[in-house]
Amino acid sequence: MITVYRPTKLWVVIYRYKGQPRRWYKAFAPDVDVPALVAAQLRELHGEQAQLEEVRTATADEELQYLRGETPVFPMCPTGRH
């Protein structure tokens, strides 16, 4: 029997940047304190302009969308890409 091992888990990060809703799909190792890490990343990237609303594991449908590249595209991506 083959055992499948996934070293990461997909998380959905919902936050507001300058009052506008934003969403990230990010993969993290299972032993990471994701809410604390994401809050620190948002503070580093956007300072007080970003407010974290929710951090949760992705549903099966959201994981499929992510793998297919069908996630929402925002014009103000933190990486600067469109």
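Report on the accompanying structure. (Residues numbered from 1 in each chain as written. Predicted model: local features only at pLDDT ≥ 70, side-chain atom pairs only at ≥ 80, totals over all residues. Heavy atoms only, no water.)

Per the secondary structure count, the chain includes two helices and three strands. Ordering the α and β elements of the chain from the N terminus gives β-β-α-β-α. The 82 residues of the chain split such that 23% are buried. Taking the intrachain contacts of the chain between residues at least 6 apart in sequence as the baseline, contacts between residues at least 24 apart amount to 53%. About 6,100 Å² of surface is accessible on the chain, with carbon and sulfur atoms providing 54% of the total. (Helix = DSSP H or I, 4+ residues; strand = E, 2+ residues; numbered from the N terminus. Buried < 20%, exposed > 50% of the residue type's maximum accessible area, 1.4 Å probe, protein only. Contact = heavy atoms within 4.5 Å. Areas by Shrake-Rupley, 256 points an atom, 1.4 Å probe, with all protein chains shown as cover.)

Another aspect to go through is the packing of aromatic side chains. By the definition in use, this model includes two aromatic pairs. Above the plane of the ring of tryptophan 24 lies lysine 26, whose end atom (NZ or CZ) is 4.9 Å from the centre. (Phe/Tyr/Trp six-rings, centres within 6.5 Å; stacked < 30°, edge-to-face > 60°. Lys NZ or Arg CZ within 6 Å of the ring centre and 35° of its normal.)

Taken in spatial order, the three strands of this open sheet run S2-S1-S3, and their pairing is antiparallel. A single partner strand is all that each edge strand has here, and the edge strands are strand S2 (20-28) and strand S3 (50-57). Strand after strand, the sheet turns through a mean of 20 degrees between neighbouring axes, direction not considered. By the bridge criterion, nine bridges tie strand S1 (residues 9-17) to S2 in an arrangement that is antiparallel. Following the sheet pairing, tyrosine 15 is matched in S2 by arginine 22. Across the sheet, helix H1 (residues 34-46) is in contact with S1, S2 and S3; its angle to S3 comes to roughly 150 degrees. (Pairing = 2+ DSSP bridges. Axes fitted to C-alpha atoms, helices over the stretch in contact; angles between N-to-C directions.)

Moving on: a nonpolar patch on the surface. A grouping of Leu64, Tyr66 and Leu67 is seen on the molecular surface, where their side chains present a nonpolar patch of about 310 Å² in accessible area. For tyrosine 66, the location among the structural elements is in helix H2 (residues 60-68). (Patch = residues over 30% accessible without salt bridge, like charges linked within 9 Å, V, L, I, M, F, W, Y side chains within 5 Å. Salt bridge = Lys/Arg side-chain N within 4 Å of Asp/Glu carboxyl O.)

What follows covers the pattern of salt bridges. Evaluation of the coordinates by the stated rule reveals four salt bridges. Within this structure, Arg23, Glu54, Arg56 and Glu62 form a network of salt bridges that share partners.

Take it as geometry only, folks, not as evidence of what the structure does.
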